[in-house]
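Coordinates in review
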Amino acid sequence: QPQYWDALHNKGMIAQGPAGARALLAKAQPLVASRVLRSFLEAYLVVASALERIPRPETEATFDEVAFMKRCHALAKQFLLQKRIQHPEAASQMYFQTALRLARNRGLLDGGLSHQRERRASFASEMREIVRRLDAIDALTASRRAGLID
């Protein structure tokens, strides 16, 4: 729609800093991200949480991916029951594998790192924060639909 296109190209608002960016987002109303991204990001949260729960550092050579994926499925079921994640699609093997690839790329399966536990905890914290932000977007969307805000 033209008004969204104009809003997204109004660089003057972005140059105003955080307040300008918020005004730009309010004008454009791009509140569909959570619907598109939630399943992926919730799966990433499950994998990050499962990695964080591994009691001892594992190396790439000792990492049992089949057992880890089973732990991820069990944890996803638990998170669904606890309402920590919303979408059953987040318990997808394919999404878990993609998240595990990200963890590998970040060196979270590398052996010999004395700070591996801290790095895994940081990854899990990052994923929790991203899902929390999706929850905030959902709350904002619900408020707009209810007419509580513009």
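A brief structural summary. Note that the structure is a prediction, hence the values are computed from the model and not measured.

1. Considerations on the nonpolar core
- The biggest cluster of nonpolar side chains holds 29 residues, and the ones touching the most others in it are Val46, Leu51, Phe68 and Phe96.
- Broken down by secondary-structure element, the contributors of at least two residues to this core are helix 4 (33-52), helix 5 (65-81), helix 6 (93-105) and helix 7 (116-145).
- Among the elements that line this core, the one with the most residues is helix 4, at 8 residues.
- With residues up to four places along the chain from it excluded, the contact list for phenylalanine 68 reads Val47, Ala50, Leu51, Ile54, Phe63 and Leu100.

2. As for helix 6
- With 13 residues, helix 6 extends 18 Å between its outermost C-alpha atoms, agreeing within 8% with the 18 Å of an ideal straight helix rising 1.5 Å per residue.
- Taken together, the buried positions of helix 6 are Tyr95, Phe96, Ala99, Leu100 and Ala103. One face of helix 6 carries all of its buried residues, which in axial projection span an arc of 135 degrees. Projecting away from the buried face of helix 6 at angles above 90 degrees are the exposed residues Met94 and Asn105.
- Capping the start of helix 6 is the job of one residue whose side-chain oxygen sits 3.2 Å from the backbone nitrogen of methionine 94: serine 92.
- Phi for glycine 107, located one or two positions after helix 6, is positive at around 75 degrees.

3. Some remarks on the packing of aromatic side chains
- Inspection of the entire model under this criterion finds 2 aromatic pairs.
- Between phenylalanine 40 and tyrosine 95 the ring centres are 4.4 Å apart and the planes differ by 40 degrees, which places this aromatic pair in the tilted class. Of the two residues, phenylalanine 40 sits in helix 4 while tyrosine 95 sits in helix 6, which places them 55 residues apart along the sequence.
- Arranged with centres 5.1 Å apart and planes meeting at 50 degrees, the rings of phenylalanine 63 and phenylalanine 68 form a pair that is tilted.

Analysis parameters
- Residues numbered from 1 in each chain as written.
- Predicted model: local features only at pLDDT ≥ 70, side-chain atom pairs only at ≥ 80, totals over all residues.
- Heavy atoms only, no water.
- Core = buried A, V, L, I, M, F, W, Y, C linked by side-chain atoms within 4.5 Å.
- Buried < 20%, exposed > 50% of the residue type's maximum accessible area, 1.4 Å probe, protein only.
- Helix = DSSP H or I, 4+ residues; strand = E, 2+ residues; numbered from the N terminus.
- Contact = heavy atoms within 4.5 Å.
- Expected span 1.5 Å × (residues − 1).
- Arc of directions from axis to C-beta.
- Polar contact = N/O pair within 3.5 Å; in protein donor to acceptor, adjacent residues only side chain to side chain.
- Phe/Tyr/Trp six-rings, centres within 6.5 Å; stacked < 30°, edge-to-face > 60°.

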